[in-house]
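Fold and contact review
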Amino acid sequence: MTDGEEIKPGRVGEQLAQQLRRVREDRHVTYTELVKRLEELGHPIPILGLRRIERGERRVDVDDLIALARALRVPPVLLLFPVGAEGPLVQLVPGVLADPNAALAWFTGEGRMPHGLTDEEYGRQFGRGRQDPATGLYEWYDDPDVSWEADAAPVLLRRQHQRQIADWYAAVPLARRLASDEASFEQMVFKLRAAAEDSLRTLRAEMRRHGLTLPGLPGEIAERLDGRTEGSRAGGQTD
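Residues numbered from 1 in each chain as written. Predicted model: local features only at pLDDT ≥ 70, side-chain atom pairs only at ≥ 80, totals over all residues. Heavy atoms only, no water.

Remarks on the overall build of the protein
How we decide: Segments assigned H or I by DSSP are reported as helices when at least four residues long, segments assigned E as strands when at least two residues long, and all are numbered from the N terminus. C-alpha atoms define the radius of gyration in this analysis, and the globule rule sets the expected value at 2.2 Å times the number of residues to the power 0.38. Burial classes follow relative accessibility: with a 1.4 Å probe on protein chains only, a residue under 20% of its type's maximum area counts as buried, one over 50% as exposed, and anything between as partly exposed. Working rule for contacts: check all heavy atoms of both residues, and any pair within 4.5 Å makes them a contact. Accessible surface is estimated by sampling points in the Shrake-Rupley manner with a 1.4 Å probe; for residues, cover comes only from the protein chains shown. Charged-residue counts in this description rest on Lys and Arg as positive and Asp and Glu as negative, His and the chain ends being excluded. To locate a charge, take atom NZ for lysine, CZ for arginine, CG for aspartate or CD for glutamate.
Helix and strand content of the protein: 10 helices and 4 strands. Reading the secondary structure of the protein in the N-to-C direction produces α-α-α-α-β-β-α-α-β-β-α-α-α-α. Its C-alpha atoms give the protein a radius of gyration of 24 Å, more than 25% over the compact-globule value 18 Å for 239 residues. Taken along the three principal axes of its C-alpha coordinates, the protein extends 70 × 65 × 40 Å. Counting every position in the protein, which comprises 239 residues, the buried fraction comes to 34%. Sequence separation of 24 or more characterises 46% of the internal contacts of the protein that already satisfy a separation of 6 or more. Only carbon and sulfur atoms are counted for the fraction: they give 52% of the accessible area of the protein, which is about 14,500 Å². With 33 positive and 39 negative side-chain charges, the protein shows a spacing of 4 Å between the two charge centroids.

Some points on the pattern of salt bridges
Any two side chains of opposite charge can pair if their charged atoms end up close together. Applied cut-off: Salt bridges are counted wherever a side-chain nitrogen of Lys or Arg sits within 4 Å of a carboxyl oxygen of Asp or Glu.
Applying the stated criterion to the full structure yields 17 salt bridges. Where E14 meets R11, a salt bridge forms, and the shortest distance between an N and an O atom there is 3.6 Å. Placement of both E14 and R11 in helix α1 (residues 11-26) is noted, with a separation of 3 residues, approximately one turn of the helix. Judged by its relative accessible area of 36%, E14 is partly exposed. Judged by relative accessible area, R11 falls into the partly exposed class, the value being 32%. With a closest N to O distance of 3.1 Å, D198 and R201 form a salt bridge. With a gap of 3 residues between them, D198 and R201 both fall in helix α9 (residues 182-209), about one helical turn apart. Look at R201 and you get partly exposed, because its relative accessible area is 32%. Several salt bridges converge on common partners, so that one network encompasses R21, R24, E25 and E54.

Here we look at the side chain of E197
Rules: Pairs of N or O atoms are called polar contacts if they sit within 3.5 Å, as long as, within protein, a hydrogen donor faces a hydrogen acceptor (for residues adjacent in sequence, only side-chain-to-side-chain pairs).
Turning to its location among the elements, E197 is positioned in helix α9. At 2.4 Å, the side chain of E197 and the side chain of R224 are in polar contact. Apart from the residues lying within four places of it in its own chain, the contact partners of E197 are W168, R224 and L225.

Brief notes about the pairing of strand β4 (residues 138-141)
Heads up, the rule is: A pair of strands counts as paired when DSSP detects no fewer than two bridges linking them.
By the bridge criterion, 3 bridges tie strand β3 (residues 127-131) to β4 in an arrangement that is antiparallel. Of the residues in β4, the one forming a bridge with Q131 is Y138.

Details of the packing of helix α2 (residues 31-40) against helix α4 (residues 62-72)
Heads up, the rule is: Throughout, an axis means a line fitted to C-alpha atoms (over the contacting stretch in the case of helices), and angles, computed between N-to-C directions, take values from 0 to 180 degrees. Put simply, a crossing is left-handed when the front helix is turned counterclockwise from the back one by less than a right angle, and right-handed when it is turned clockwise. In this count, Pro and Cys sit with the nonpolar residues alongside Ala, Val, Leu, Ile, Met, Phe, Trp and Tyr, while Asp, Glu, Lys and Arg are called charged and the others, Gly among them, polar.
Running from amino to carboxyl end, α2 crosses α4 at an angle of 115°, the nearest separation of the two axes being 9 Å. The interaxial crossing formed by α2 with α4 has right-handed handedness. On α4, the residues touching L34, R37 and L38 of α2 are A67, L68, A71 and L72. Tallied by class, residues from the contact of α2 with α4 come to 6 nonpolar, no polar and 1 charged.

Structure (structure tokens):
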């Protein structure tokens, strides 16, 4: 992207400018050092461009965001939302303010988009049926994001897959803490791992139903699921 005439950043872009400066200064990265790192990544931005970004005078596109995050060695989302830092609510779209943690959950596909409404505003907009004069509650409410979990299925299912693999490996230390002798330890490991394997089979079947490419499996888990080792290859559909 050149530094000619450009569209000015919106509210999220302004938040990014603030975050970029905060992260850069917290990590004691000078403009000169950041320029050097960006050049090494093959995405040069001159010092003037970096200053203009931090002043909110230059928009940041997705390629810029990824390069800046890599150069500063932080996840890209931390240049968008001040997660873990004290500060005001962040704006996602005009009129929708959210806690940074709720914004993070939505951005990563692990939560619905915050609606940014007070209870009264939400009731007026989505409340249906009679309203209880004592509580102000309606008989039922429309859910504008009722399909968010289905829409985020590729992310949610992948997260579950990672957790279940972690559960399989956690069987040994968990059984070691709980078992009273070697025989009960081995039995407990067998049961815990069998449960994790059953969950993985069910989950991978669900991923197929969604038309997703199955994640690779560590070889020892792939062998236990179906007797083949091809699952250790990333992205292989093996079971």
